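One letter stands for each residue in the lines below.
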Amino acid sequence: MLITNKNESHRSLINQNDLKETVIFLSEKVLPRDSQHPENLDIAAEFIKQKLSMSSASAIFQSYAVNGNNYKNVIASFGPDTKEVIVIGAHYDAFSTHAAADDNASGVAGLIELGKLLGKVQLKHRILLVAYTLEEPPYYATEHMGSFIHAASLKDNKVRLMISLEMIGFFTDSPGSQSFPMPLLSLFYPDSGDFIAVVDSFLSNEAAPLKASINKYTDVQAYSINAPRWVLGIDYSDHRSYWSHGYPAIMVTDTSFYRNHQYHQEQDTYERLNYKKMAEVVYGVFQYIQVLDAKE
(Lines give C-alpha, C1' and ligand atoms only; values in the text may rest on other atoms or scores of the structure.)
Protein backbone atom coordinates (compact mmCIF):
# COMPACT_ATOMS: atom_id res chain seq x y z
CA MET A 1 0.00 0.00 0.00
CA LEU A 2 1.25 3.47 -0.87
CA ILE A 3 1.82 5.62 2.23
CA THR A 4 1.07 9.33 1.97
CA ASN A 5 2.07 12.37 3.97
CA LYS A 6 1.57 16.13 3.98
CA ASN A 7 3.71 16.46 0.84
CA GLU A 8 1.64 13.99 -1.15
CA SER A 9 0.35 16.84 -3.32
CA HIS A 10 3.84 17.25 -4.74
CA ARG A 11 3.60 13.83 -6.36
CA SER A 12 1.39 15.30 -9.08
CA LEU A 13 4.24 17.62 -10.14
CA ILE A 14 6.14 14.62 -11.49
CA ASN A 15 4.86 14.19 -15.01
CA GLN A 16 5.41 10.82 -16.67
CA ASN A 17 4.94 12.38 -20.10
CA ASP A 18 7.58 15.00 -19.31
CA LEU A 19 9.96 12.25 -18.23
CA LYS A 20 9.35 10.49 -21.52
CA GLU A 21 9.70 13.66 -23.59
CA THR A 22 13.05 14.46 -21.97
CA VAL A 23 14.31 10.95 -22.63
CA ILE A 24 13.10 11.11 -26.24
CA PHE A 25 14.73 14.48 -26.84
CA LEU A 26 18.11 13.40 -25.51
CA SER A 27 18.09 9.87 -26.93
CA GLU A 28 16.52 10.58 -30.33
CA LYS A 29 17.15 14.24 -31.16
CA VAL A 30 20.65 14.86 -29.79
CA LEU A 31 22.94 12.22 -31.25
CA PRO A 32 25.70 11.34 -30.84
CA ARG A 33 26.24 12.63 -27.27
CA ASP A 34 29.81 11.43 -26.82
CA SER A 35 32.99 13.42 -26.21
CA GLN A 36 33.76 13.51 -29.92
CA HIS A 37 30.66 15.61 -30.57
CA PRO A 38 30.90 18.59 -28.19
CA GLU A 39 28.45 20.54 -30.34
CA ASN A 40 25.73 18.00 -29.53
CA LEU A 41 26.68 17.99 -25.86
CA ASP A 42 26.22 21.76 -25.93
CA ILE A 43 22.70 21.31 -27.32
CA ALA A 44 21.90 18.85 -24.55
CA ALA A 45 23.37 21.16 -21.90
CA GLU A 46 21.32 24.13 -23.15
CA PHE A 47 18.16 22.01 -23.06
CA ILE A 48 18.85 20.82 -19.51
CA LYS A 49 19.68 24.34 -18.30
CA GLN A 50 16.46 25.67 -19.80
CA LYS A 51 14.42 22.97 -18.08
CA LEU A 52 16.10 23.43 -14.70
CA SER A 53 15.74 27.22 -14.97
CA MET A 54 11.98 26.75 -14.85
CA SER A 55 12.37 25.54 -11.23
CA SER A 56 15.56 27.21 -10.03
CA ALA A 57 16.46 30.90 -9.93
CA SER A 58 20.10 29.90 -10.37
CA ALA A 59 20.99 27.53 -13.18
CA ILE A 60 24.48 27.95 -14.59
CA PHE A 61 27.11 26.22 -16.68
CA GLN A 62 30.37 24.98 -15.21
CA SER A 63 32.67 24.96 -18.22
CA TYR A 64 36.08 23.38 -18.62
CA ALA A 65 38.44 22.38 -21.41
CA VAL A 66 39.74 18.94 -22.32
CA ASN A 67 42.05 18.29 -25.27
CA GLY A 68 41.09 21.50 -27.02
CA ASN A 69 37.30 21.14 -26.59
CA ASN A 70 35.02 22.88 -24.12
CA TYR A 71 32.53 20.88 -22.08
CA LYS A 72 29.82 21.90 -19.61
CA ASN A 73 28.21 20.71 -16.43
CA VAL A 74 24.82 22.22 -15.68
CA ILE A 75 24.28 23.26 -12.04
CA ALA A 76 20.94 24.36 -10.58
CA SER A 77 20.79 25.63 -7.00
CA PHE A 78 17.84 25.41 -4.61
CA GLY A 79 17.46 26.76 -1.09
CA PRO A 80 19.69 29.18 0.86
CA ASP A 81 23.36 29.68 0.08
CA THR A 82 24.75 27.52 2.88
CA LYS A 83 28.23 26.00 3.09
CA GLU A 84 26.64 22.62 3.73
CA VAL A 85 25.25 21.19 0.51
CA ILE A 86 23.39 18.15 -0.79
CA VAL A 87 24.18 17.16 -4.37
CA ILE A 88 22.03 15.10 -6.72
CA GLY A 89 23.51 14.45 -10.14
CA ALA A 90 23.15 12.54 -13.41
CA HIS A 91 25.32 12.44 -16.51
CA TYR A 92 23.91 13.47 -19.87
CA ASP A 93 26.62 12.24 -22.20
CA ALA A 94 26.29 8.88 -23.93
CA PHE A 95 28.49 5.97 -24.89
CA SER A 96 29.56 5.99 -28.54
CA THR A 97 26.74 6.84 -30.98
CA HIS A 98 24.01 5.02 -29.07
CA ALA A 99 20.66 6.51 -28.03
CA ALA A 100 21.44 5.75 -24.38
CA ALA A 101 17.89 6.22 -23.15
CA ASP A 102 18.42 4.38 -19.88
CA ASP A 103 22.13 5.29 -19.72
CA ASN A 104 21.59 8.01 -18.85
CA ALA A 105 18.81 10.10 -20.32
CA SER A 106 16.63 8.46 -17.67
CA GLY A 107 18.70 9.92 -14.83
CA VAL A 108 18.67 13.39 -16.39
CA ALA A 109 14.91 13.25 -16.86
CA GLY A 110 14.58 12.31 -13.20
CA LEU A 111 16.85 15.21 -12.23
CA ILE A 112 14.66 17.70 -14.08
CA GLU A 113 11.49 16.36 -12.46
CA LEU A 114 13.18 16.47 -9.06
CA GLY A 115 13.86 20.16 -9.68
CA LYS A 116 10.12 20.76 -10.06
CA LEU A 117 9.57 19.36 -6.57
CA LEU A 118 12.47 21.15 -4.90
CA GLY A 119 11.31 24.44 -6.38
CA LYS A 120 8.04 24.14 -4.45
CA VAL A 121 9.37 23.55 -0.91
CA GLN A 122 11.28 25.59 1.65
CA LEU A 123 14.76 24.28 2.31
CA LYS A 124 17.28 24.82 5.11
CA HIS A 125 20.35 23.92 3.08
CA ARG A 126 21.59 24.42 -0.42
CA ILE A 127 20.59 21.62 -2.77
CA LEU A 128 22.52 21.31 -6.02
CA LEU A 129 21.17 19.45 -9.02
CA VAL A 130 24.01 18.77 -11.44
CA ALA A 131 23.92 17.34 -14.96
CA TYR A 132 27.40 16.06 -15.75
CA THR A 133 29.31 15.72 -18.96
CA LEU A 134 32.05 13.18 -19.82
CA GLU A 135 31.03 10.32 -17.57
CA GLU A 136 31.48 7.79 -20.35
CA PRO A 137 34.72 6.44 -21.85
CA PRO A 138 37.32 7.57 -22.74
CA TYR A 139 37.13 9.92 -19.77
CA TYR A 140 35.46 7.62 -17.28
CA ALA A 141 37.53 7.23 -14.08
CA THR A 142 39.66 10.27 -14.90
CA GLU A 143 39.92 13.80 -13.57
CA HIS A 144 38.16 14.97 -16.75
CA MET A 145 34.80 13.54 -15.71
CA GLY A 146 32.31 16.33 -15.19
CA SER A 147 31.51 14.96 -11.76
CA PHE A 148 35.20 15.02 -10.80
CA ILE A 149 35.39 18.67 -11.85
CA HIS A 150 32.30 19.48 -9.80
CA ALA A 151 33.39 17.52 -6.74
CA ALA A 152 36.74 19.33 -6.79
CA SER A 153 34.93 22.68 -6.86
CA LEU A 154 33.24 21.90 -3.53
CA LYS A 155 36.47 21.94 -1.47
CA ASP A 156 35.21 24.92 0.58
CA ASN A 157 31.85 23.27 1.24
CA LYS A 158 30.66 20.46 3.46
CA VAL A 159 28.94 17.84 1.32
CA ARG A 160 26.26 16.16 3.40
CA LEU A 161 25.53 13.61 0.66
CA MET A 162 25.79 13.13 -3.08
CA ILE A 163 23.16 11.00 -4.85
CA SER A 164 23.87 9.76 -8.37
CA LEU A 165 20.85 8.95 -10.53
CA GLU A 166 22.34 6.34 -12.85
CA MET A 167 19.96 4.39 -15.11
CA ILE A 168 16.59 4.53 -13.34
CA GLY A 169 14.22 3.50 -16.13
CA PHE A 170 14.44 -0.18 -17.01
CA PHE A 171 12.26 -2.63 -15.07
CA THR A 172 11.09 -6.15 -15.86
CA ASP A 173 9.16 -8.71 -13.86
CA SER A 174 10.41 -11.65 -15.95
CA PRO A 175 11.76 -14.45 -13.73
CA GLY A 176 15.53 -14.76 -13.95
CA SER A 177 15.95 -11.31 -15.50
CA GLN A 178 18.16 -10.03 -12.67
CA SER A 179 21.80 -11.06 -12.37
CA PHE A 180 24.47 -10.13 -9.82
CA PRO A 181 28.23 -9.64 -9.58
CA MET A 182 28.43 -12.58 -7.19
CA PRO A 183 26.11 -15.63 -7.16
CA LEU A 184 25.69 -15.40 -3.39
CA LEU A 185 23.74 -12.17 -3.76
CA SER A 186 20.90 -14.03 -5.44
CA LEU A 187 19.99 -15.36 -1.99
CA PHE A 188 19.20 -11.85 -0.74
CA TYR A 189 17.76 -10.04 -3.75
CA PRO A 190 14.93 -10.81 -6.22
CA ASP A 191 15.63 -12.78 -9.39
CA SER A 192 13.42 -10.46 -11.46
CA GLY A 193 14.54 -6.93 -12.31
CA ASP A 194 11.54 -5.09 -10.93
CA PHE A 195 13.24 -3.13 -8.14
CA ILE A 196 15.51 -0.11 -7.71
CA ALA A 197 18.88 -0.44 -6.01
CA VAL A 198 20.69 2.02 -3.74
CA VAL A 199 24.43 1.40 -3.79
CA ASP A 200 26.84 2.53 -1.09
CA SER A 201 30.47 1.96 -0.16
CA PHE A 202 31.36 -0.89 2.17
CA LEU A 203 31.62 0.85 5.55
CA SER A 204 29.03 3.57 5.02
CA ASN A 205 25.39 3.82 6.11
CA GLU A 206 23.96 6.31 3.62
CA ALA A 207 21.99 3.90 1.42
CA ALA A 208 19.60 2.39 3.94
CA PRO A 209 17.65 5.60 4.76
CA LEU A 210 17.05 6.37 1.09
CA LYS A 211 15.97 2.78 0.48
CA ALA A 212 13.52 3.12 3.37
CA SER A 213 12.11 6.34 1.93
CA ILE A 214 11.45 4.76 -1.46
CA ASN A 215 9.82 1.75 0.18
CA LYS A 216 7.70 3.93 2.45
CA TYR A 217 6.42 6.48 -0.03
CA THR A 218 6.24 4.59 -3.31
CA ASP A 219 5.12 1.30 -4.82
CA VAL A 220 8.59 0.59 -6.20
CA GLN A 221 10.50 -1.97 -4.19
CA ALA A 222 13.95 -0.73 -3.18
CA TYR A 223 16.98 -2.70 -2.02
CA SER A 224 20.34 -1.45 -0.84
CA ILE A 225 23.83 -2.85 -0.96
CA ASN A 226 27.11 -1.89 0.70
CA ALA A 227 30.11 -3.28 -1.10
CA PRO A 228 33.80 -2.56 -1.69
CA ARG A 229 34.78 -0.79 -4.89
CA TRP A 230 36.37 -3.91 -6.36
CA VAL A 231 32.90 -5.42 -6.85
CA LEU A 232 32.12 -4.91 -10.54
CA GLY A 233 29.72 -2.00 -11.04
CA ILE A 234 29.76 -0.58 -7.50
CA ASP A 235 31.54 2.60 -8.58
CA TYR A 236 30.30 2.73 -12.18
CA SER A 237 28.91 6.25 -12.10
CA ASP A 238 29.50 9.80 -10.96
CA HIS A 239 29.36 9.02 -7.24
CA ARG A 240 32.89 7.61 -7.62
CA SER A 241 34.18 11.17 -8.16
CA TYR A 242 32.81 12.27 -4.79
CA TRP A 243 34.22 9.20 -3.08
CA SER A 244 37.58 10.22 -4.55
CA HIS A 245 37.27 13.56 -2.77
CA GLY A 246 36.23 12.00 0.52
CA TYR A 247 32.53 12.91 0.30
CA PRO A 248 29.67 10.54 1.16
CA ALA A 249 27.92 9.42 -2.00
CA ILE A 250 25.44 6.79 -3.16
CA MET A 251 24.01 5.60 -6.46
CA VAL A 252 20.35 4.99 -7.32
CA THR A 253 20.18 2.53 -10.20
CA ASP A 254 18.20 -0.14 -12.00
CA THR A 255 21.50 -2.12 -11.80
CA SER A 256 22.61 -1.39 -15.36
CA PHE A 257 24.06 -4.38 -17.24
CA TYR A 258 23.01 -6.76 -14.49
CA ARG A 259 19.48 -6.29 -15.85
CA ASN A 260 19.42 -4.12 -18.95
CA HIS A 261 21.13 -6.15 -21.65
CA GLN A 262 21.04 -3.20 -24.02
CA TYR A 263 23.51 -1.30 -21.82
CA HIS A 264 25.97 0.39 -24.20
CA GLN A 265 24.10 -1.16 -27.13
CA GLU A 266 22.01 0.25 -29.97
CA GLN A 267 18.67 -0.81 -28.51
CA ASP A 268 18.89 1.20 -25.29
CA THR A 269 15.88 3.17 -26.53
CA TYR A 270 13.12 5.20 -24.94
CA GLU A 271 10.22 2.79 -25.57
CA ARG A 272 11.82 0.15 -23.32
CA LEU A 273 11.59 2.31 -20.18
CA ASN A 274 8.93 2.38 -17.46
CA TYR A 275 8.07 6.01 -16.85
CA LYS A 276 5.59 5.30 -14.09
CA LYS A 277 8.26 3.58 -12.01
CA MET A 278 10.76 6.32 -12.88
CA ALA A 279 8.35 8.89 -11.48
CA GLU A 280 7.99 6.88 -8.28
CA VAL A 281 11.76 6.63 -7.84
CA VAL A 282 12.06 10.40 -8.20
CA TYR A 283 9.36 10.91 -5.59
CA GLY A 284 11.07 8.59 -3.13
CA VAL A 285 14.35 10.47 -3.58
CA PHE A 286 12.53 13.77 -3.07
CA GLN A 287 11.03 12.57 0.20
CA TYR A 288 14.43 11.56 1.51
CA ILE A 289 16.08 14.83 0.49
CA GLN A 290 13.56 16.66 2.63
CA VAL A 291 14.41 14.47 5.61
CA LEU A 292 18.12 15.00 5.05
CA ASP A 293 17.67 18.73 4.61
CA ALA A 294 15.72 19.04 7.86
CA LYS A 295 18.57 17.59 9.94
CA GLU A 296 20.86 20.02 11.73
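See the structure above.
Since the structure is predicted, the reported quantities are computational estimates derived from the model, not experimental observations.

Peer 1: If you had to explain the packing of aromatic side chains to someone new, which residues and values would you point to?
Peer 2: Under the criterion given, the structure shown has 11 aromatic pairs. Ring geometry for F257 against Y258: centres 4.6 Å apart, planes inclined by 45°, an arrangement best described as tilted. On the basis of relative accessibility, which here comes to 12%, the residue Y258 falls in the buried class. Measuring from ring centre to ring centre gives 5.3 Å for F257 and Y263, while their planes differ by 55°; the resulting arrangement is tilted. Put simply, the rings of Y140, Y236, F257, Y258 and Y263 touch in pairs and so form one group of aromatic residues. Above the plane of the ring of F195 lies R259, whose end atom (NZ or CZ) is 4.8 Å from the centre.

Peer 1: I'd like a rundown of unusual backbone geometry, residues and numbers included.
Peer 2: Look at the link from D103 to N104: it is a cis peptide, with omega at 10°. With respect to the helices and strands, the residue N104 is situated in helix 3 (residues 101–118). For the bond from P137 to P138, the omega torsion is 10°, close enough to zero to count as cis. Secondary-structure assignment places P138 in the loop between strand 4 (126–132) and helix 4 (146–152). Despite not being glycine, M167 shows a phi value in the positive range, around 65°. Counting through the fold element by element, M167 comes out in the loop between strand 5 (158–166) and strand 6 (195–201). The backbone phi angle of T255 is positive, close to 85°, even though this residue is not glycine. For T255, the location among the structural elements is in the loop between strand 8 (249–253) and helix 7 (275–294). Of the residues examined, T255 reaches a relative accessible area of 12% and is grouped as buried.

Peer 1: Outline a nonpolar patch on the surface, listing residues and values.
Peer 2: A surface patch of nonpolar side chains, about 380 Å² in accessible area, is lined by L184, L187 and F188. Considering the arrangement of structural elements, one finds L187 in the loop between strand 5 and strand 6.

Peer 1: Quick rundown of the pattern of salt bridges? Include the residues and the values.
Peer 2: The final tally for this structure, using the stated rule, is 10 salt bridges. In this structure, the salt-bridge partner of D42 is K72, at a minimum N-O distance of 3.9 Å. You can see D42 sitting in helix 2 (residues 38–53) and its partner K72 sitting in strand 2 (residues 69–78), a full 30 residues away along the chain. With relative accessibility at 27%, the residue D42 sits in the partly exposed group. As a salt-bridge pair, R160 and E84 come within 3.0 Å of each other at their nearest N and O atoms. Here R160 is found in strand 5, whereas its partner E84 is found in strand 3 (residues 84–91), with 76 residues between them in sequence. One exposure class covers both R160 and E84, and it is buried. A single salt-bridge network, built from bridges that share partners, covers D18, E113 and K116.

Conventions used here
Residues numbered from 1 in each chain as written. Predicted model: local features only at pLDDT ≥ 70, side-chain atom pairs only at ≥ 80, totals over all residues. Heavy atoms only, no water. Phe/Tyr/Trp six-rings, centres within 6.5 Å; stacked < 30°, edge-to-face > 60°. Buried < 20%, exposed > 50% of the residue type's maximum accessible area, 1.4 Å probe, protein only. Lys NZ or Arg CZ within 6 Å of the ring centre and 35° of its normal. Helix = DSSP H or I, 4+ residues; strand = E, 2+ residues; numbered from the N terminus. Patch = residues over 30% accessible without salt bridge, like charges linked within 9 Å, V, L, I, M, F, W, Y side chains within 5 Å. Areas by Shrake-Rupley, 256 points an atom, 1.4 Å probe, with all protein chains shown as cover. Salt bridge = Lys/Arg side-chain N within 4 Å of Asp/Glu carboxyl O.

In short, geometric facts, not functional conclusions.
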